[in-house]
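Chain by chain, the residues run as shown.
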Amino acid sequence: MDREVGEDSSECGSLGTLSRCGKFLCGPRNLALKEVFTWQLFKTIVMGQALSMLICGTAVTCQYLADAGVETSVLQSFLNYTLLLLTYTLVLAFRRGENNIIQILKKKWWKYFLMALTDVEANYTVVKAYQFTTLTSIQLLDCFVIPVLMVLSWIFLKTRYRPLHFVAVAVCLLGVGAMVGADLLAGRDQGSSSHVLLGDGLVLVSAALYAVSNVCQEYTVKNLSRVEFLGMIGLFGTLISGLQMIILESKAIPDISWNWRTCLLFVAYTLCMYGLYSFMPVVVKMTSATAVNLSLLTADLFSLFCGLFLFHYNFTGLYIVSFVVITLGFIMFNVVPTYTADQPYATDEAYHLASSADVQQEGGVVDRLQKEEHDDLDRTVFNHKAHCNGLY
């Protein structure tokens, strides 16, 4: 009898240790398996990979344009911003009341100007970096956007992370390391190395600018409007990139050998970028800018898979390992939702249950919380009686 009690005590001690570790990583909650692998999580994964495929489309078309001797990155961005202008900005122009474009420009024009400037220069600096450094350096240093984004979200959006989120980020970066190692083994460390420090600095600047742009995007789409964000980015992005194009590429554009193939590549690139800009705010609103950037780490892998058939790249098994590890880290990050500094535990729990079970009614969350409180009370009474009966 004493042996059985001792074994039960040891088992309870092990379960208690696991429970404490789980609460340390995930916060004060007990997650059931059905609350982890939900339809919401599945949609988030699929949407994130769809964004990666769109980036893959831009990378493939850029490669073909570069092979054709076309190096007009500002022109390509200008076409994307123009398409945003012709759709979302026009929608704002036909709105009435405070959401009309005139009212928005009167109150917040300078904010959206700075947002667009940040976005345009982030796109420009990362493309420029390819002229001075290697692909490996760009892949590694571009991950700098994630810690910067987390810090900015912590400061300005009051986002708070569980320890599991930091573990998930580390897992994703480990997957990136495996991808870079696979590139080295496959001999894909191409790129200029004439001014490595300049190129690496441009990558870091681009990552910081992307982080600022993404934080602004997350705040705007969650508190204001996705259409307003895209409309203003389209308006000011067209103006800024158009001016920059005139200054930097006025000689390069006439030298392009225009034919149906080149025009088709420009159209494909523009549509991929337009889809990325239109679709990304939807995913950001569902999750966060940090989660979206973690999912985008697989974009290089999709580009590689396309390159196996289009550009005859070499393949190693490390690419599959990298994809699995990055996806695992992304899932870990989205298992437990982030919360804000002023968000109490009950609200955090209700948010998780509501987002992970779309079919539940509004009262289901309250019932769940009340049931958990009742179960905790029952366990407390049972433990007290057991203690009095000499079981512990």
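Above: the structure in question.
First things first, this report covers the structure right here in the doc. As the structure is a computational prediction, the values presented were derived from the model and not from experiment.

1. Considering the nonpolar core
Now for step 1: In terms of nonpolar packing, the biggest core is built from 37 residues, with Ile 146, Val 169, Val 176, Ala 211, Leu 294, Leu 297 and Phe 333 touching the most fellow members.
Now for step 2: Elements with a minimum of two residues in this core: α3 (39-67), α7 (145-156), α8 (163-186), α9 (196-223), α12 (289-295), α13 (299-310) and α14 (318-335).
Now for step 3: With near-sequence residues (within four places) excluded, Leu 297 lies in contact with Cys 143, Ile 146, Cys 172, Val 176, Met 179 and Ile 326.
Now for step 4: One finds Tyr 81, Ile 104, Met 115 and Leu 276 within the second-largest nonpolar core, a separate group that totals 30 residues.

2. What to know about the packing of helix α4 (residues 73-93) against helix α11 (residues 260-286)
Now for step 1: In contact at an axis separation of 9 Å, α4 and α11 are set at 55 degrees when each is read in the N-to-C sense. Considering their axes alone, α4 and α11 lie oblique with respect to each other. Crossing of α4 against α11: the hand is right-handed. In this structure, α4 contributes Leu 75, Gln 76, Leu 79, Asn 80, Tyr 81, Leu 83, Leu 84, Thr 87 and Tyr 88 to the contact, and α11 contributes Phe 266, Tyr 269, Thr 270, Leu 271, Met 273, Tyr 274, Tyr 277 and Ser 278.
Now for step 2: A per-class count over the contact of α4 with α11 returns twelve nonpolar, five polar and no charged.

3. Examining the side chain of His 165
Now for step 1: Residue placement: His 165 occurs in helix α8.
Now for step 2: Leave out the neighbours within four places in its chain, and His 165 touches Phe 333, Val 336, Pro 337 and Thr 338.

4. Let's talk about the packing of aromatic side chains
Now for step 1: Summed over the entire model, instances satisfying the criterion amount to seven aromatic pairs.
Now for step 2: Relative to Tyr 277, the ring of Tyr 81 has its centre 6.0 Å away and its plane inclined at 80 degrees; by these criteria the two rings are edge-to-face. Of this pair, Tyr 81 sits in helix α4 while Tyr 277 sits in helix α11; the two residues are 196 residues apart in sequence, bridging distant segments of the chain.
Now for step 3: Assessed through its relative accessible area of 0%, Tyr 81 is described here as buried.
Now for step 4: Owing to a relative accessible area of 12%, Tyr 277 belongs among the buried residues under this scheme.
Now for step 5: With centroids separated by 6.4 Å and ring planes inclined at 50 degrees, the aromatic side chains of Tyr 161 and Phe 333 adopt a geometry described as tilted. Taken together, the positions of Tyr 161 in the loop between β1 (159-160) and α8 and Phe 333 in helix α14 put the pair 172 residues apart, joining distant regions of the chain.
Now for step 6: Look at Tyr 161 and you get buried, because its relative accessible area is 8%.

What counts, and at which threshold
- Residues numbered from 1 in each chain as written.
- Predicted model: local features only at pLDDT ≥ 70, side-chain atom pairs only at ≥ 80, totals over all residues.
- Heavy atoms only, no water.
- Core = buried A, V, L, I, M, F, W, Y, C linked by side-chain atoms within 4.5 Å.
- Buried < 20%, exposed > 50% of the residue type's maximum accessible area, 1.4 Å probe, protein only.
- Helix = DSSP H or I, 4+ residues; strand = E, 2+ residues; numbered from the N terminus.
- Contact = heavy atoms within 4.5 Å.
- Axes fitted to C-alpha atoms, helices over the stretch in contact; angles between N-to-C directions.
- Parallel < 35°, antiparallel > 145°, perpendicular 65-115°, else oblique.
- Left-handed = near helix turned anticlockwise from the far one by under 90°.
- Nonpolar A, V, L, I, M, F, W, Y, C, P; charged D, E, K, R; others polar.
- Phe/Tyr/Trp six-rings, centres within 6.5 Å; stacked < 30°, edge-to-face > 60°.

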